[in-house]
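Listed here are the chains, written in short residue letters.
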Amino acid sequence: MKFLMTLLIGMVAGLPATLGQTSTLNVSNIPQELLKNAHSVIREETYQFNVNDIGEAMMEVHQVITVLDAEGKSRLDFVKFSSDFQKLWDADIRVFDARGSLVNRYKMKELGSESIGEGLVPDGKMYYFRVTAPSYPMTVEYDYVVKYKGTLSYPIYGIQGPDQSVQQSSFTASVPLSLGIRYKSKNIHLNPEVSSDNSKKTYKWSVQNIKAIPEEEGAADENADYPMVLLAPNKFSMDGYEGDLSSWKTFGNWYESLSSGAHDLSEETKATLQKMVAGISDKKLKVRILYHYLQKNFRYVNINLGIGGYKPLNASYVEDKKYGDCKALSNYMQACLAAIGIPSYQALVNAGYNSQPVDSDFPINGFDHVILCVPMKKDSIWLECTSNITAFDQLGSFTENRYALLITPSGGVLVHTPKSRATENSFSSLTTVDLSDDGSGSYKSAIHISGEYRELMIHYVLGEDKDAQKKFLVRYLGYKQPDDFLITQPSGDDSNSITLTASQERVPEFMAGSKMFLNPRLYKIWNDNLPRDTSRSMPYYLDCPFDKTDTTLYRLPANYTVETLPEDRDDSFPLGSYHTHYVYDEKSNTVTTYAQLEIYAHVIQPKYYAAALKFFSDVVDEYTEKIVVAQK
Amino acid sequence: YKLIDYGDVSYDYDAAGFKIVEQFRVRIKILKDKGLDEANIKLRYYNHDQLETITKLSAVTYNLDDAGNVVTSKVEKSSIFNKSLDKTNSEVAFSFPDVKVGSVIEYKYTETNRDIADLPDWYFQGEFPVRVSEYRIEIPSIFRFYTQMLVNQKLETKQESVNETIPLDGGLANFVANERTFILRDIPGVHDEPYSGAEKDYLQRVEFQLNQIAYSSGDVENVMSTWPKFTKDLLESDDYGKQFRKRLTNTSDLEDSVKHMKTDYEKMDAIYGFVQKNMNWNGDENIFSHDGIKTAWDKKSGSNTDINLILLDLLRDADIPAYPILVSTRDNGQVNTLYPLLGQFNNTMVFVNLPEGPYILDASDKYNPVNLIPYDVLNEKAFVVDKDHGGWIQLGDSYHKFQNTVSLFAEITKDGVMKGDAEITSYGYSKNPRLKEWTEDKSDFDDYFTKSYTGLKVDSLEVDNATTDTLPLVQKVKFRMPVNTSGDYEYFPVNLFQGLEKNPFIADQRYTDIDFGYDQSYSINGKIYLPDGYTFETLPRNIKMIIADTSIVLTRLMQKDDNSLDFMITVNFLKPSYSASKYPSVKEFYKKLFDALSEQVVIHKKKSIS
């Protein structure tokens, strides 16, 4: 039965496109159920992906998309990336009004284009065209061709995006029998219809009448939670470098072969490195010394050139220039470690706090970053070689919690990077406030930071000018605007603490008559709003798990005493907890407030989302409570 | 931190004619981690027809080694990349080697330019502070330039005449060149600041405009146009004046309905609305209509000038006194009325002179009402392109402002929730952005009300007058917000829905002028009922706060009854701009203003009478 269904859908989608008949494009032809939650509808769509041989392929795309309202207008941006490996060959854009009559037509030569890439050398070209909508709803038709001159990455069949429904869509992949293809559907169960002749095998995935999935804020990167089919080659060729992607092991072999000979450090450099760690026996300490040497003297510069997108620059080049990209710097560090007799492996990984790890059972080039792993008997050391400030052996949520492909001499091995731990991203502040009876006051905070907070503080706060620091304190941390302040770092090279001293004309949030209403602490321990989704189907990504603690000591003016203290809190949900505690000490006339907010994991699964929403809203709510102090 | 920024420009002559030779030298000290990126250099140039080239590039990094000796590392030729960006622009890119915090990097290059009128302007100031910025120019006396110095620090200048010889027409020609040097020292860096104008309105610089060429024969060619000539040229241009009168198709419905209208105002309004509705701005800013307005009309999409020339055409068809005006929008910077230069303008709008008053129309903005000067050009100058009525006009409007008024009725329920209705009316310049949001991004419109208050929820929202141009946008909101509690106290803010929640001026230093563009007015009138058994703690005081120059006024009145509170807060900003020198007093006042606005009303349970 299932087979029949697929076949049927396939046949419908296979009908020739009926462009001349405008009536079919009329917006009134969209089934009612596809309008629900949708800002755009894919009316018809065909992808034809033809693999010619190991190194060349071509894709023809035909899309007809109706944009229902202004909120779907991002679908009117035709943006295509074109590089030496994947070149945009031809493009044709047609615009139709709500009734389906042709209004405008644009050709490839009318597209805007510009070189892109942050690096010294452009990664490729971006072609773009923004269709202006006469009025909504309206329909656009895109026809374009992409030529593949490198076949490591096959296209992904992304079936639908956020707030988008699909009337009919199909993807056909046709490959030489000798090469074969691998595929995997995600977030949808979809099997291809397979046929073959004596030279080629053809796979066809078709869908029809798929309802829109509402956009959920803060979800995974690149619509990873929406339906799609992944495609990958077995054998591929990039710029003449042939490889085999059918297993992680063979993919690792290919990658390793690209970097052969890249460990060409001079004997002189090797000797210098050996001298740096002479007399030290602890392996971890040796690695740390070299890592700090790298951080102090080298910097990240993005350089891509053809196969350079995969092949690292030689270690001697990096040594000479003192810069490189992630591949080059990781390769250089690896060479340095080798020079002092410590083996390490480069590891390919997909970077970003909310980007998705690769599927372990489906080898694919799903990586965009390289880090370095130093195997140890227990707990390998992981090094992020592109950052001048990241602490030793810390990756951060940028590359933690996911699969990485270790490139070993015997091929690729898929391993887990460390799990993020709350304690590695800590922010702990101890503040003493001297309050005067006119509401003014001065305070001093000692703040200890690690992980993401350390990078944030060092990068965005310490080195900045005073007004930028002030903006950070007020806008990011939620301090009241101080009249005067100073941020310093206690001496010491690798310091994890900063000191803030400040004075303020008015410390209480507000006063009423002779009463002062003091905030539980001087800044907001949590200063963010989660999207108020009542139901969620996709995980929500926080930046990282964290642990924040605060102790604030209010020294009250002599003629004041406490009238009301907020109640202690003891809140928790499966991924976090929040505790507060308030004490008034009569003898010293001080109020001490204590708070700890801990989030164990930064990915909130849909089933916990409602609880998370309540939890964070309670944390925010707690700050609105006040310590009421009144004249004696 | 830039230690040296040096430019040297002279003219040279070769077989292809005169060219400008520009030598630049930049020395930068890297002071912190973030500055490391400054060691990646990208030099963009215009290489269409080989008009510009970059040569003689050299770059060196200087470091101090442990012994205190200077170590130099050169950028090698092989690490310098030249890439073409698009059809007309190219870029030379390189990264300095061996750069760390404390390094000094220096690069030099020569740029030649075949366009002899394109004597580069010199910006002394930029994002980073500069120790010395020096610009030396040597111009053959046959080229006469207007020079405009826009600096507010002490500028050192030198001027000298030098004799030069160049090969000219097979022989040698002697001529006198003027050498001028401009030096500025210790220039602060400028960052983004809230409500600042276009960069080019405040960065310190010196500008040049070629005025005349005096040939050795004694002839003087006027290169710089005059405003009348400028107007004439534009009116005769295929891409401008020739586009004024075109037959557009499918406009008969409009013509029929306009025919029956009595007043010119009605007609103008109808035509403006018609173009606004039918034409879509394609995002291009251009003072010419390159493809012509007929093409734009057929495609229903075009640049701002295309759209407004269509508007002009239709207005003139209806015999309405309409004129094209050249404008420079707020982001593009102020225009200089001295020089008849096209490059300083970036848009064409339409000026309609009716007995009721002048109207400025920009039909590429779908949300601006007919009677409001577009915000983009408010308080700017515009040039009317017309043979008889041409000239400058000032686009001022002292009547319309940015205005929000709120009336609010709410009760505090027994379980600690403020619940009620608010009606927010957005007038003048406040309407346009809200209307845009309402039309294009309805689902996020709540943000205007909820963003700044913890726990505030909008139960229902109704918007009136979205389609009526001349009426303010009325937003009716039913809302709920938990009040805050501590022990027996409950407290709540009353500065609600006005749109005055965040103090934008917290920085201690400010370099640029504050430019709001318009006057502003905010007010809230409200009544809040208390639950039984509660009474007020001391209320925030009735106050009137006025800034020293009286241009900002806050008034707050609070009147309590047994179980209710009447309050009124108004804030009026009566000046559209402040010079940077006034910033300290503005900042000080803003702090007090927002302190006052954030004061909350405290209530507590009545003590039971025993």
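Note that the structure is predicted; figures quoted are calculated from it, not measured.

Enquirer: Looking at this structure, I do not really get the overall build of chain B. What am I missing?
Expert: Along chain B, the regular secondary structure elements total eight helices and 36 strands. Dimensions of chain B, computed from the C-alpha atoms along their principal axes, are close to 110 × 85 × 45 Å. In chain B, which comprises 610 residues, the proportion classed as buried is 51%. Here the analysis covers contacts within chain B between residues at least 6 apart in sequence; of these, 70% occur between residues at least 24 apart. For chain B, the accessible area works out to roughly 28,600 Å², and carbon and sulfur atoms hold 47% of it. Each charge sign in chain B was given a centre, from 71 positive and 94 negative side chains, and these centres are 3 Å apart.

Enquirer: In this structure, what is going on with unusual backbone geometry? I would like to understand it.
Expert: In most cases, non-glycine residues show a negative phi, while peptide bonds are predominantly trans. Residue and element names in this part refer to chain B. Unusually for a residue other than glycine, Asp186 sits at a positive phi of about 50°. Residue position: Asp186 is located in strand β13 (residues 171-187). At Asn379, a residue that is not glycine, the phi angle is positive and equals roughly 65°. Note on placement: Asn379 falls in the loop between β20 (357-361) and β21 (381-384). Classification of Asn379 as partly exposed rests on a relative accessible area of 33%.

Enquirer: Hey, could you run me through the nonpolar core in this one?
Expert: Among the nonpolar cores identified, the biggest contains 74 residues, and B:Leu408, B:Met418 and B:Phe497 are the most heavily contacted of them. Here this core gets eight residues from one element, more than from any other, and that element is helix α8 (residues 583-597) of chain B. Setting aside anything within four residues of it in sequence, one finds B:Met418 in contact with B:Ala410, B:Glu411, B:Ile412, B:Phe479, B:Arg480, B:Met481, B:Val483, B:Phe492, B:Pro493, B:Leu496 and B:Ile528. Core analysis: the second largest hydrophobic core is formed by 51 residues, A:Leu473, A:Leu530, A:Ala612 and A:Phe615 among them.

Enquirer: Explain the packing of aromatic side chains to me, please; I cannot follow it from the model alone.
Expert: Aromatic ring pairs: the centre-centre distance and the angle between the two ring planes describe each pair. The final tally for this structure, using the stated rule, is 77 aromatic pairs over all chains. Where A:Phe615 meets A:Phe616, the ring centres are 5.3 Å apart and the plane angle is 80°; that geometry is what we call edge-to-face. The residues A:Phe615 and A:Phe616 share a single accessibility class, namely buried. Here B:Trp227 and B:Phe230 contribute two aromatic rings whose centre-to-centre distance is 4.9 Å and whose plane-to-plane angle is 75°, an arrangement assigned as edge-to-face. With B:Trp227 and B:Phe230 both in helix α1 (residues 227-236), this residue pair falls three residues apart, about one helical turn. By relative accessible area, which is 16% here, B:Trp227 ends up buried.

Enquirer: Whenever I open this one, the interface of chain A and chain B confuses me. Can you help?
Expert: Put simply, an interface is often sized by how much accessible area is lost when its parts join up. Taken together, the contacts link 58 residues of chain A with 62 residues of chain B. At the boundary of chain A with chain B, total buried surface from both sides reaches about 5,000 Å², with 46% on carbon and sulfur atoms. If you look at where chain A meets chain B, you find seven salt bridges. Measuring nitrogen to oxygen at the nearest pair gives 3.7 Å for the salt bridge that ties A:Glu110 to B:Lys299. Summed over the shared surface of chain A and chain B, the number is 26 residue pairs in polar contact (both at pLDDT 80 or more). It is helix α8 (residues 466-477) of chain A that contributes the most residues to the side of chain A that touches chain B, five residues altogether. Residues that form the side of chain A that touches chain B fall into these classes: 19 nonpolar, 14 polar and 25 charged.

Enquirer: I tried to follow the sheet that holds strand β25 (residues 457-464) of chain B on my own but got confused; where do I start?
Expert: Two strands in a sheet stick together by hydrogen bonds in their backbones, pointing the same way (parallel) or opposite ways (antiparallel). Residue and element names in this part refer to chain B. On the basis of which strands lie adjacent, the open sheet formed by eight strands has the order β25-β26-β24-β23-β30-β34-β33-β32 and mixed pairing. Each edge of the open sheet is held by one strand with a lone partner, namely β25 and β32 (543-546). Geometrically, the sheet is characterised by an average inter-axis angle of 10° between neighbouring strands, direction not taken into account. Pairing analysis gives ten bridges linking strand β30 (residues 520-529) to strand β34 (residues 564-573), with the strands arranged antiparallel. Counted as the bridge partner of Ile524 is Ile569 from β34.

Enquirer: Can you walk me through the pairing of β20(B) in this structure?
Expert: Remember that side chains alternate between the two faces of the sheet whenever the strand is regular. Taken across its five residues, β20(B) has four buried, putting it largely inside the fold. Where strand β19 (residues 347-354) of chain B folds back onto β20(B) in an antiparallel hairpin, the turn is made up of two residues.

Enquirer: I keep staring at the environment of B:Ala93 and nothing clicks. Help me out?
Expert: Along the polypeptide, B:Ala93 turns up in strand β7 (residues 89-95). As for B:Ala93 and B:Lys42, which are separated by 51 residues in sequence, their C-alpha atoms are 4.4 Å apart.

Enquirer: What is the right way to look at the side chain of A:Ser450 in this model?
Expert: Residue and element names in this part refer to chain A. When you line up the elements, Ser450 lands in the loop between β25 (441-449) and α7 (451-462). With a relative accessible area of 15%, Ser450 lands in the buried category. Ignoring sequence-local partners within four residues, the contact set of Ser450 consists of Thr423, Glu424, Asn425 and Ser426.

Enquirer: How should I be thinking about the pattern of salt bridges in this particular structure?
Expert: When the charged atoms of two side chains with opposite charge come close together, those side chains can pair. Residues and elements named next belong to chain A. Following the criterion strictly, the structure yields 55 salt bridges over all chains and no others. Of the charged contacts in the structure, one is a salt bridge between Arg521 and Glu622, with a shortest N-O distance of 3.2 Å. With Arg521 in the loop between β29 (515-518) and β30 (540-541) and Glu622 in helix α9 (residues 606-624), this residue pair connects regions lying 101 residues apart in the sequence. No difference in accessibility class separates Arg521 from Glu622, as the two residues are buried. Overlapping salt bridges bring together Asp92, Arg94, Arg105 and Glu141 as one network.

Enquirer: What is the right way to read the confidence of the model for chain B from this model?
Expert: Low pLDDT marks regions whose predicted coordinates should not be analysed in detail. Averaged over every residue, the pLDDT of chain B is 86; residues scoring 70 or more account for 95%. What the predictor reports for the complex is a pTM of 0.85 with an ipTM of 0.82.

Enquirer: Could you clarify how one ought to interpret helix α4 (residues 283-297) of chain A in this entry?
Expert: Two residues of an α-helix separated by three or four positions point the same way, owing to the 3.6 residues in each turn. An ideal rise of 1.5 Å per residue puts 21 Å on 15 residues; α4(A) measures up with 22 Å between its terminal C-alpha atoms. Those residues of α4(A) that fall on the buried side of the exposure criterion are A:Lys286, A:Val287, A:Leu290, A:Tyr291, A:Leu294, A:Gln295 and A:Asn297.

Enquirer: In this structure, what is going on with the side chain of B:Arg136? I would like to understand it.
Expert: All names here are of chain B. In this structure, Arg136 sits in strand β10 (residues 130-140). According to the relative accessible area criterion, Arg136 is buried, its value standing at 14%. Separated by 3.4 Å, the side chains of Arg136 and Glu138 make a polar contact. For Arg136, the side chain forms a polar contact with the side chain of Glu179, separated by 3.2 Å.

Rules and cut-offs
- Residues numbered from 1 in each chain as written.
- Chains lettered and ligands numbered in written order.
- Predicted model: local features only at pLDDT ≥ 70, side-chain atom pairs only at ≥ 80, totals over all residues.
- Heavy atoms only, no water.
- Helix = DSSP H or I, 4+ residues; strand = E, 2+ residues; numbered from the N terminus.
- Buried < 20%, exposed > 50% of the residue type's maximum accessible area, 1.4 Å probe, protein only.
- Contact = heavy atoms within 4.5 Å.
- Areas by Shrake-Rupley, 256 points an atom, 1.4 Å probe, with all protein chains shown as cover.
- Lys, Arg positive; Asp, Glu negative; His and termini not counted.
- Charge placed at Lys NZ, Arg CZ, Asp CG, Glu CD.
- Core = buried A, V, L, I, M, F, W, Y, C linked by side-chain atoms within 4.5 Å.
- Phe/Tyr/Trp six-rings, centres within 6.5 Å; stacked < 30°, edge-to-face > 60°.
- Buried area = accessible area lost by both parts, 1.4 Å probe.
- Salt bridge = Lys/Arg side-chain N within 4 Å of Asp/Glu carboxyl O.
- Polar contact = N/O pair within 3.5 Å; in protein donor to acceptor, adjacent residues only side chain to side chain.
- Nonpolar A, V, L, I, M, F, W, Y, C, P; charged D, E, K, R; others polar.
- Pairing = 2+ DSSP bridges.
- Axes fitted to C-alpha atoms, helices over the stretch in contact; angles between N-to-C directions.
- pLDDT = per-residue confidence, 0-100.
- Expected span 1.5 Å × (residues − 1).

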